[in-house]
Amino acid sequence: MRNYMLECSGLTKTYLSTDPPTQVLHGIDLSVEEGEFLVIMGASGSGKSTLLYSISGMDRPTSGSVHLEGHDVTSLDDAAMSKVRLTRMGFVFQQAYFLSNLNIRDNVLLPALKANPKQSETVVSRVDALLDRFGIGHIKHHGITEVSGGQLQRASICRALAGEPAIVFADEPTGALNSSMTAEVMDALTGVHDDGRTIVMVTHDPACAARADRVVYLRDGLLVDSRSLGRWTRSAAVQREDDVLAWLRSLGF
Amino acid sequence: MKEHLYLRYARNDLTRNLGVNAAMMVILVLSAFLMATGCSVMERLVGGVNSLFDQAKPPHFLQMHTGDYDRAALDKFAADHPEVKSWLIEDMVGYDSARLTWSRDDGSSGTLASSLTDNLFVTQNDDFDFLLDAAGNIVRPPAGQVYVPVAYEGKFELKVGDDLHIRTDSGSKSLKIAGFVRDSQMASSLSAATRFVISPEDFAALGSAGGGSPEIIVEYLTDDASQGSALQTAYESDQSLPRNGQAVTFDMIRLINAFSDGLVAIALVFASLLLVTIALINLRFVLKGTMEEEVRQIGVMRAIGLPTKAITGLYLGKYSIMTLLACVIGGLLSVFATGALTQSIAKNYANSDTGLLTFLVPVIALVLVYLLVISICRHILRGIRRIEVVGALVQGSTLDERRTAKRAARDARRARRVSLARGAGSMWRRLSLIDLRSEAGQWVLIPVVFFLTALLLILPMNLLSTFSSPKFITYMGAPMSDVRADIQFAESVDATRGELVSAMESDGRLSNIRVFGNVPYETPGEEGWETLRVEVGDYSGGTIQYLTGRQPGVGEIALSTMNADKLKVKAGDSLKIRLSGEEQQVTVSGTYQDVTSGGKTAKMQGEVPSNAASYVIYANTSDPGAISKEYGDRFEDVKIVSMQEYVKQTLSYVTDAFKNAAILSLVFGLIVAGLITALFLKLRLSRERRRMGVLAAIGFARGELIRQVRFKTLVTVLLGTVLGTVFAATLGEGLISALLSVSGIGIAQLHFIPQPLLVYIGYPLALIGVGYGAAVLLTSRLNRGETSDWLNR
């Protein structure tokens, strides 16, 4: 039996707040290997984001189970789940979602400092190194309104990595960016993957999806297909994008 | 059509944001209610006093006197002063309360002994100073009947048909109670005497029966009430006139009458102003919050070409309806409250006719509240003009580009100054403090509201405890002591004093016995010598508070502030006085506050004189109740009471009425503080959803998010409450003193005698509890719902 970083089975999610209740996920079985870069695709309303939030413990699935590093996380209470998110998971959202009263560095520091309150010096130097690596060290003292969207999203990736998580979840991280900023951010994520980090990303941009090791396709709350792409290389980038696009078209995307 | 749109919008909004609107409504109703009630009570009081004065025609100047007098001199004085329109000498017989009992046909009976006021039996006057029944009729009881002061009706639960028994030296005289009378001169509990009306036949019988002490009041009615003081000056400079009792002018009568209920009305209006201020601050917050929340809708309305005026109208319409409703409900409620609060006014003064003013005064107050609220709304809604369509629709911002840039720059500046790594304590607490600093403009609402509410709670209660404290006696020109004995109506004042003092001195339970005699000195006034009533005795161990200077030593005199003002002297000045023609020069040692005897008293160091008009004896004991009862039984002509009882009875009107104001303020204050905290948090939390979503996503537990909100609430609530409490305890005194000193009752500087545990610990804790409770209630909802909802909605 293989060791999966993340494994979910029979996952369903029904929103009871609507009348009648809306079932968004209809029993999803999905496994992510350690070090894998997995992309979830699908049309609007197919349930991609719901799937991401359910497997990351942000929302509670209605039924089914999620195992992270072999541990069942579905039964954890809110405090324990929060701790898992804090220490084992990193998040990148479509919008940067930063606290406006903290500067870039403090926003990035926040989860890492919270997880390691006694090692603030180590954490700060690690974060400074991360910011330098992603080319935003020079703006670390800036307010979040003083930098570009691409810089902000790179800072967001730094925040996700600052706590040295086992897995990074990204929900449409380039959805609000122009093409050059998109490339910036995807390069950064690819770099994270190259470090051996597991990534699960939701996107509807085929070019972004082409960076993944594997792409799964979701339709109406069900996983309908999946395609392995192998390791991404810059030289094969265009070819991969074409392949992904052709595959998606065959699925009616 | 447009009107319908506004109404429909208002209705939809009212149901959609039911909680916020209901809370807002309650706050508006309470503000309107308190404002209308305060104004109504004031109108009723002024009306009641006026109406009583119209019917009863109190004198413009009066002088009390015991003993012989020269009738011819009085005739001459009246003849020499053309401004005197009418005058009279009212003969009275005074009986100590211990000599009065009552009985009823059903066998029940009781005594009036516990009353501290002097009971004066009189016949009805012919020309002015009438004593009136409840309907305002001038009563003239037939032989065998008596009209009893209305204050006794409530105090002893007397009824028409009861028998009143007066124990004279020649047996008991019984009179049937025919009704109760209101007395324009002596209505207030501050007055030292009260009058019973009987027939001329019974009066003659009582006068000759023995046991009572004859007394007269010389009363003058002038052309104009304002001539009362001038007449008093003229009277006091004429040596041939009787003058050994109190002298009172019309202004003083009026003031004493309006004092207690007037203070309450002022307290209510003061409280309502505080409440209206709180309501307006809150309204501003809610309105700005609503605009920010609905900025996209506003953007759409502007995008489809609705003029700003129409959009403003939508919001204004809702608030107009709410405020109007609140004013109507508050006004209606105030009708009932006014009825309840003015019962004592109606009873002691008169049921003044409900005229146009009765209706107009509260209505004008409510209209002012309405206009104030609406104009504030208009002012805030002008911001809609500045909302730009693109900014509203895309960024959801109420600010135009220039302002957005300005705010971004400000946020960035702030963010640069903060350093998360340098802070101490847990991360949620560090974040909370950073939030409080960066969002101080929003959160400041809570400290401001709690500051004002603390004042609203504490100041009325401090007034109440001050006026009901035994220490308040020091404001009445008397030293702190446990029991007080008054010898005034005894047949031989001096003999009684001798017996009493020697009995007290040989009593091991009593200590620190101090005797003071009242001596009518004279001092030069504007028109010659005037009476200056001086309490002579040993002040060396005195415990009364001096406002300036100190207690009098040998050859010195201390004056009440009102006397010092009148005589235009201050501590250190010298003053010429004389007694029986013998002049002497004394130095003013200091001034003190006094509310008794019209606020005009004096104290001089010296041997207690014999032949004083009256004596006061103070003593300390551990059981004032038993001592006063025992000595009261033994010395029938001496009024001896525990000091606590003395203060309680003398100020009962004031304290009873203050109790109402203090309770109203407490209840309303706590309700409003709780509601506003809840309202604030509700709006705040809905605006902070995304922020909380981010924090939850990166690993903050719900419990920590809840703790953040509660912590921020607690910090701001604490700040406001502590500041308010400190302000109330320090500058609050000055504020109230200023209010009191303009009222001219002889108190220039009021030092609170608070119940520190209650007002400086209990009330703040209650207030903090209410604020924190609201936070607990509101944040408990944060345990529900999906994190992703917070992020995406």
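No experiment lies behind these values; they were computed from the predicted model shown. (Residues numbered from 1 in each chain as written. Chains lettered and ligands numbered in written order. Predicted model: local features only at pLDDT ≥ 70, side-chain atom pairs only at ≥ 80, totals over all residues. Heavy atoms only, no water.)

Another point: the overall build of chain B. In terms of regular secondary structure, chain B is built from 26 helices and 22 strands. With the C-alpha coordinates aligned to their principal axes, the bounding extent of chain B is approximately 100 × 60 × 55 Å. Taking all contacts inside chain B whose residues are at least 6 apart in sequence as the whole, residues at least 24 apart take part in 82%. When the accessible surface of chain B is totalled, it reaches about 32600 Å², and 57% of it is carbon and sulfur. Each charge class in chain B can be summarised by its mean position, and for the 77 positive and 77 negative side chains these summaries are 22 Å apart. (Helix = DSSP H or I, 4+ residues; strand = E, 2+ residues; numbered from the N terminus. Contact = heavy atoms within 4.5 Å. Areas by Shrake-Rupley, 256 points an atom, 1.4 Å probe, with all protein chains shown as cover. Lys, Arg positive; Asp, Glu negative; His and termini not counted. Charge placed at Lys NZ, Arg CZ, Asp CG, Glu CD.)

Now for the sheet that holds strand 10 (residues 222-228) of chain A. Either a parallel or an antiparallel arrangement is found when strands of a sheet pair, and the pairing is made through backbone hydrogen bonds. Residues and elements named next belong to chain A. One open sheet holds the six strands; their spatial order is 6-7-8-3-9-10, and the pairing between them is mixed. Here the strands that pair on one side only, and so sit at the sheet edges, are strand 6 (89-92) and strand 10. Strand-to-strand twist in this sheet, taken as the mean axis angle between neighbours without regard to direction, amounts to 20°. Where strand 3 (residues 37-42) and strand 8 (residues 198-202) come together, four bridges link them in parallel fashion. Bridging from a neighbouring strand, I40 pairs with V202 of strand 8. Packing of helix 2 (residues 78-88) onto the sheet brings it into contact with strand 6 and strand 7 (167-171), and relative to strand 6 it is tilted by some 80°. (Pairing = 2+ DSSP bridges. Axes fitted to C-alpha atoms, helices over the stretch in contact; angles between N-to-C directions.)

Let's shift gears to the packing of aromatic side chains. Residue and element names in this part refer to chain B. Scanning the entire structure with this criterion turns up 23 aromatic pairs over all chains. Their ring planes at 65° and their centres at 5.3 Å tell us that F61 and Y235 sit as a pair that is edge-to-face. On the criterion of sequence distance, the pair formed by F61 in strand 1 (residues 61-65) and Y235 in helix 6 (residues 228-236) is long-range, its members being 174 residues apart. The residues F61 and Y235 share a single accessibility class, namely buried. Chaining the aromatic ring pairs together yields one cluster made of F61, F77, W87, Y220 and Y235. Its end group placed over the ring of Y631, R634 keeps NZ or CZ at 5.6 Å from the ring centre. Here the basic side chain of R702 rests over the ring of W790, its NZ or CZ set 4.4 Å away from the ring centre. (Phe/Tyr/Trp six-rings, centres within 6.5 Å; stacked < 30°, edge-to-face > 60°. Buried < 20%, exposed > 50% of the residue type's maximum accessible area, 1.4 Å probe, protein only. Lys NZ or Arg CZ within 6 Å of the ring centre and 35° of its normal.)

With domains assigned, chain B is organised as domain 1 (1-60 + 249-386), domain 2 (62-76 + 86-226), domain 3 (388-417), domain 4 (429-469 + 654-793) and domain 5 (483-620). Each of domain 1 of chain B and domain 2 of chain B has a C-alpha centre, and the two are 45 Å apart. (Domains from an automatic or database assignment.)

Another aspect to go through is helix 8 (residues 295-303) of chain B. Residue and element names in this part refer to chain B. Within the sequence span of helix 8, burial applies to V295, I298, G299 and M301. One side of helix 8 carries all its buried residues, which in axial view fall inside an arc of 165°. After helix 8 finishes, the residue G305 shows a positive phi value of roughly 95°. (Arc of directions from axis to C-beta.)

Let us now look at the interface of chain A and chain B. Of the residues lining the interface, 32 residues belong to chain A; the matching set on chain B comes to 33 residues. A buried area of about 2900 Å², summed over both sides, lies between chain A and chain B, and 59% of it is on carbon and sulfur atoms. The largest share of the area that chain A buries against chain B comes from Y97, N101 and K114 of chain A, three residues that together contribute 22% of it. Scanning the region where chain A abuts chain B turns up two salt bridges. Linking chain A with chain B are twelve residue pairs in polar contact (both at pLDDT 80 or more). Secondary structure elements with two or more residues in the side of chain A that touches chain B: helix 2 and helix 3 (104-115) of chain A. Element by element, the count of residues in the side of chain A that touches chain B is highest for helix 3 of chain A, at six residues. Among the residues making up the side of chain A that touches chain B, the classes are represented as 14 nonpolar, nine polar and nine charged. (Buried area = accessible area lost by both parts, 1.4 Å probe. Salt bridge = Lys/Arg side-chain N within 4 Å of Asp/Glu carboxyl O. Polar contact = N/O pair within 3.5 Å; in protein donor to acceptor, adjacent residues only side chain to side chain. Nonpolar A, V, L, I, M, F, W, Y, C, P; charged D, E, K, R; others polar.)

It is worth spelling out the packing of helix 2 (residues 18-56) of chain B against helix 9 (residues 308-341) of chain B at this point. Helix-helix packing is described using two parameters, namely the angle between the two axes and the distance between the axes. Residues and elements named next belong to chain B. Relative to each other, helix 2 and helix 9 sit at 40°, their axes nearing to 6 Å. As summarised for this structure, helix 2 and helix 9 are arranged oblique, according to the angle between their axes. Of the two elements, helix 2 crosses helix 9, and the hand of that crossing is right-handed. (Parallel < 35°, antiparallel > 145°, perpendicular 65-115°, else oblique. Left-handed = near helix turned anticlockwise from the far one by under 90°.)

All names here are of chain B. There is a patch of like positive charges on the surface, built from R284, K288, R382, R385, R386, R402, R403, K406 and R407. For the positive patch, the secondary structure elements donating two or more residues are helix 7 (250-293) and helix 13 (401-417). The element best represented in the positive patch is helix 13, accounting for four residues. (Patch = residues over 30% accessible without salt bridge, like charges linked within 9 Å, V, L, I, M, F, W, Y side chains within 5 Å.)

The nonpolar side chains of a soluble globular protein tend to be buried, and buried together. In this structure, L110, I157 and M201 of chain A together with F700 of chain B are the most contacted members of the largest nonpolar core, which totals 172 residues. Counting contributing residues per domain, this core is built from domain 1 (1-60 + 249-386) and domain 4 (429-469 + 654-793) of chain B, each supplying no fewer than three. Among residues more than four places away in sequence, those in contact with M201 of chain A are F37, L38, V39, I40, A170, P173, M186, L189 and C208 of chain A. Within the second largest apolar cluster, 35 residues are counted, among which are A485, V501, V519 and A612 of chain B. (Core = buried A, V, L, I, M, F, W, Y, C linked by side-chain atoms within 4.5 Å.)

We now examine a nonpolar patch on the surface. A contiguous nonpolar patch, built from L356, L357, F359, L360, I364, V367, L368 and L371 of chain B and spanning about 790 Å² of accessible area, is present on the exposed surface. In this structure, I364 of chain B sits in helix 11 (residues 356-381).

This part is about helix 6 of chain B. Of all nine residues in helix 6 of chain B, seven are buried; the element is thus mostly enclosed. Along helix 6 of chain B, the residues classified as buried are G228, L231, Q232, T233, A234, Y235 and E236 of chain B.

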